Amino acid sequence: MKAEVVVVDKKNPDPEIIEKAGQILKKGGLVAFPTETVYGLGGNALDPMASMKIYAAKGRPSDNPLIVHIAELDKLKVIVSEIPEKAGILAEKFWPGPLTMILPKAEIVPRETTGGLDSVAVRFPSDPVAQALIRAAGGFVAAPSANTSGRPSPTMAGHVEEDLGDAIDMILDGGQVGIGLESTIIDFTEEVPVVLRPGYISLDMLKETIGEVKMDRGLLITDSSVHPKAPGMKYRHYAPKADLAVVEGPEEAVIRYINTAADEAEKKKKRVGIIASAETASRYGKGIVRSIGSREREEEIALHLYEVLRNFDSDEVSAIYSEAFYTPRMGQAIMNRLLKAAGHKIIHLSQEEEK
Ligand code: TXA
Ligand code: MG
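A brief structural summary.

### Looking at the overall build of the protein chain
Here's step 1: Helices and strands together make up the secondary structure of the protein chain, namely 11 helices and 16 strands.
Here's step 2: For 355 residues, the compact-globule formula gives about 20 Å, and the C-alpha radius of gyration of the protein chain, at 21 Å, lands near that figure.
Here's step 3: For the protein chain, the spread of C-alpha atoms along the principal axes amounts to about 60 × 45 × 35 Å.
Here's step 4: When burial is assessed residue by residue, the protein chain has 59% of its 355 residues classed as buried.
Here's step 5: For the protein chain, long-range pairs separated by at least 24 residues make up 69% of all intrachain contacts whose partners lie at least 6 apart in sequence.

Structure, rendered in structure tokens:
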């Protein structure tokens with residue numbers, strides 16, 4: 001099967017195209033579509049066969065639950081058995097938007113969609129193409145990120161075609177996404193709500209709105225005996241083909257360390273990849289240097305992270321070194337994805353090494 005790739009106008013999606021894509025989903029097929037975070041691989045969330053097709057297309061383990069996307073607030077009560085007050089407050093404030101909530105599931109949601117769990121992840125995306133498609137499909141679209149399991153999430157339609165072009169029915173090309181990192185996930189099945197995956201909506205923004213919110217311990221501790229609660233967070237995701245290490249410390253020390261590594265690789269007739277900021281990119285003399293964006297504009301860094309990792313996959317690099325990006329608001333989300341891609345390999349440089 002070769003996916004039909006159709007360009008859609010984000011602001012004003014052609015109703016005929018949306019209708020056609022909606023029909024594919026209603027009949028149990030798969031359609032990839034843009035959201036404000038990353039591209040999603042959509043199937044009818046209430047059809048167990050469609051969910052199984054999603055797992056097969058991605059090569060994803062079927063115990064890793066899918067997010068159900070809705071396009072009207074009213075639809076939430078159809079798929080969950082309870083809406084805690086604080087979940088209602090977050091929905092009012094952040095939906096439509098890059099926030100996913102885990103709630104107890106209603107009978108109607110098949111276990112194939114929830115990876116066998118009694119809870120369901122729900123998101124109401126803000127992207128107009130996503131919203132139109134969800135409505136045309138009957139209101140409930142299960143959609144993981146539209147990448148092959150283990151590869152960086154897609155931020156443009158070309159990435160989806162690269163990974164899934166032969167495995168799905170249609171790709172709606174709505175151009176580059178807005179955010180570039182997956183939604184923040186908050187779990188309401190515990191006493192105190194817990195963030196299972198950091199994203200554009202930060203822990204502070206959540207706390208300001210509903211009070212106490214915890215961060216999943218599995219995200220904070222890199223000890224392998226503590227597993228993150230979201231099944232998908234335990235896999236080595238977003239992995240580039242070459243080994244990736246994050247180098248952290250005073251700027252000058254980081255630049256010197258990476259330059260030395262690039263130099264040594266070159267002597268062995270090898271090349272390294274370097275992920276730098278716009279401010280430091282020109283300070284690296286060897287290897288393939290990619291600027292991820294300016295430290296002054298952290299949204300730029302979030303938006304380019306997956307694209308940069310993907311691009312290194314098509315280069316012959318023996319290793320990749322990345323600067324660390326602990327930016328003020330999205331730093332938690334950016335570093336969570338970058339460290340996962342690096343399999344938690346981090347090189348800490350102290351003040352000493354700067355001399
Ligand atoms: O931004 C996003 O959320 C994108 C777009 C397409 O909406 N979707 C996305 O889906 O990132 P996916 O499948 O790649 O990631 C979903 C994450 C996984 O880590 C999964 O384990 C977790 O959510 N998850 C889903 N349902 C869950 C549940 N009931 N309990 C705990 N974790 C859950
Ligand atoms: Mg994913």
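### What to know about the environment of Ser282
Here's step 1: Relative to the helices and strands, Ser282 is located in the loop between strand S13 (272-276) and strand S14 (288-291).
Here's step 2: The class for Ser282 is exposed, based on a relative accessible area of 68%.
Here's step 3: Here the alpha-carbon distance between Ser282 and Pro15, two residues 267 residues apart in the chain, equals 47 Å.

### A short note on the packing of aromatic side chains
The description of two aromatic rings rests on the distance between their centres and on the angle between their planes.
Here's step 1: One pass over the full model with this rule turns up two aromatic pairs.
Here's step 2: Between Tyr257 and Tyr321, the ring centres sit 6.4 Å apart and the planes meet at 70°, which makes this aromatic pair edge-to-face. Taken together, the positions of Tyr257 in helix H9 (residues 251-267) and Tyr321 in strand S15 (residues 319-323) put the pair 64 residues apart, joining distant regions of the chain.
Here's step 3: Judged by its relative accessible area of 32%, Tyr257 falls in the partly exposed class.

### Quick look at the sheet that holds strand S16 (residues 346-348)
Here's step 1: Pairing within the open sheet is parallel, and its five strands lie in the order S14-S13-S15-S12-S16. Two strands bound the open sheet, and with one partner strand each, they are S14 and S16. For this sheet, the mean inter-axis angle between neighbouring strands, taken without regard to orientation, is 20°.
Here's step 2: In terms of strand pairing, strand S12 (residues 243-248) meets S15 through five bridges, oriented parallel.

### Focus on the side chain of Arg337
Here's step 1: Mapped onto the secondary structure, Arg337 falls in helix H11 (residues 331-341).
Here's step 2: The exposure class assigned to Arg337 is buried, which follows from its relative accessible area of 0%.
Here's step 3: When neighbours within four sequence positions are excluded, Arg337 is seen to be in contact with Leu181, Glu182, Ser183, Arg197, Pro198, Tyr238, Leu305 and Tyr306.

### Remarks on the site of ligand 1
Here's step 1: The local shell around ligand 1 holds 26 residues, among which Thr37, Asn64, His69, Ser183 and Gly232 are the closest.
Here's step 2: Within the side chain of Ser119, a nitrogen or oxygen atom sits 3.0 Å from a nitrogen atom of ligand 1.
Here's step 3: Out of a free accessible area of 690 Å², ligand 1 has 98% covered by protein chains.
Here's step 4: Among the elements of the structure, strand S4 (67-69), strand S6 (119-123) and strand S10 (194-197) are those that each provide at least two residues to the shell around ligand 1.

### Quick word on the nonpolar core
Here's step 1: Leu90, Trp95, Leu99, Met101, Ile168, Ile186 and Leu206 are the most contacted members of the largest nonpolar core, which totals 55 residues.
Here's step 2: For Ile186, the residues in contact, after removing those within four places along its chain, are Leu90, Leu99, Thr100, Met101, Ile102, Pro193, Val194, Val195, Leu206, Ile210 and Val213.
Here's step 3: Within the second largest apolar cluster, 29 residues are counted, among which are Ala242, Ile275, Leu305 and Val317.

### Overview of the packing of helix H4 (residues 85-94) against helix H7 (residues 203-210)
Here's step 1: At a minimum axis distance of 10 Å, the contact between H4 and H7 shows a crossing angle of 120°. Crossing handedness for the pair H4 and H7: right-handed. Contacts from Lys86, Ile89, Leu90, Lys93 and Phe94 in H4 reach Met205, Leu206, Thr209 and Ile210 in H7.
Here's step 2: Its residues assigned to classes, the contact of H4 with H7 comprises six nonpolar, one polar and two charged.

### Considering the packing of helix H10 (residues 298-313) against H11
Here's step 1: For the pair H10 and H11, interaxial distance at closest approach is 10 Å and the crossing angle is 15°. By the criterion of interaxial angle, the relationship of H10 to H11 is roughly parallel. Seen along the crossing, H10 lies across H11 with a hand that is left-handed. In this structure, H10 contributes Glu298, Ile301, Ala302, Leu305, Tyr306 and Leu309 to the contact, and H11 contributes Gly331, Ile334, Arg337, Leu338 and Ala341.

### Considering the pattern of salt bridges
Here's step 1: Using the criterion set out here, one finds 20 salt bridges in the structure.
Here's step 2: Ionic pairing is found between Asp127 and Lys10, a salt bridge with its closest N-O pair at 2.7 Å. On the criterion of sequence distance, the pair formed by Asp127 in the loop between S6 and helix H5 (128-136) and Lys10 in the loop between strand S1 (4-7) and helix H1 (15-26) is long-range, its members being 117 residues apart.
Here's step 3: Given a relative accessible area of 4%, Asp127 falls into the buried group.
Here's step 4: For the salt bridge of Lys229 with Glu190, the shortest nitrogen-to-oxygen distance reads 2.9 Å. Linking Lys229 in the loop between helix H8 (217-220) and S12 with Glu190 in the loop between strand S9 (184-187) and S10, this pair joins segments that are 39 residues apart in sequence.
Here's step 5: Each of Arg151, Glu162, Asp163, Arg310 and Asp313 takes part in salt bridges that share partners, so that together they form one network.

### A word on the environment of Pro104
Here's step 1: Turning to its location among the elements, Pro104 is positioned in strand S5 (residues 99-104).
Here's step 2: Placed 84 residues apart in sequence, Pro104 and Phe188 show a C-alpha to C-alpha distance of 8.1 Å.
Here's step 3: The contacts of Pro104, once residues within four sequence positions are left out, are Ile79, Val80, Ser81, Glu82, Asp118, Ser119, Val120 and Thr189.

### What to know about helix H6 (residues 157-164)
Here's step 1: Restricting attention to buried positions, one finds in H6 the residues Ala157, His159, Val160, Asp163 and Leu164. Along the long axis of H6, the arc covered by the buried residues comes to 155°, so they all point the same way.
Here's step 2: On its buried face, H6 sits against strand S2 (31-33), strand S3 (40-44), helix H2 (48-58), strand S8 (170-173) and H10.

Rules used throughout
Residues numbered from 1 in each chain as written. Chains lettered and ligands numbered in written order. Predicted model: local features only at pLDDT ≥ 70, side-chain atom pairs only at ≥ 80, totals over all residues. Heavy atoms only, no water. Helix = DSSP H or I, 4+ residues; strand = E, 2+ residues; numbered from the N terminus. Rg over C-alpha atoms; globule rule 2.2 N^0.38 Å. Buried < 20%, exposed > 50% of the residue type's maximum accessible area, 1.4 Å probe, protein only. Contact = heavy atoms within 4.5 Å. Phe/Tyr/Trp six-rings, centres within 6.5 Å; stacked < 30°, edge-to-face > 60°. Pairing = 2+ DSSP bridges. Axes fitted to C-alpha atoms, helices over the stretch in contact; angles between N-to-C directions. Near = heavy atom within 4 Å. Polar contact = N/O pair within 3.5 Å; in protein donor to acceptor, adjacent residues only side chain to side chain. Areas by Shrake-Rupley, 256 points an atom, 1.4 Å probe, with all protein chains shown as cover. Core = buried A, V, L, I, M, F, W, Y, C linked by side-chain atoms within 4.5 Å. Left-handed = near helix turned anticlockwise from the far one by under 90°. Nonpolar A, V, L, I, M, F, W, Y, C, P; charged D, E, K, R; others polar. Parallel < 35°, antiparallel > 145°, perpendicular 65-115°, else oblique. Salt bridge = Lys/Arg side-chain N within 4 Å of Asp/Glu carboxyl O. Arc of directions from axis to C-beta.

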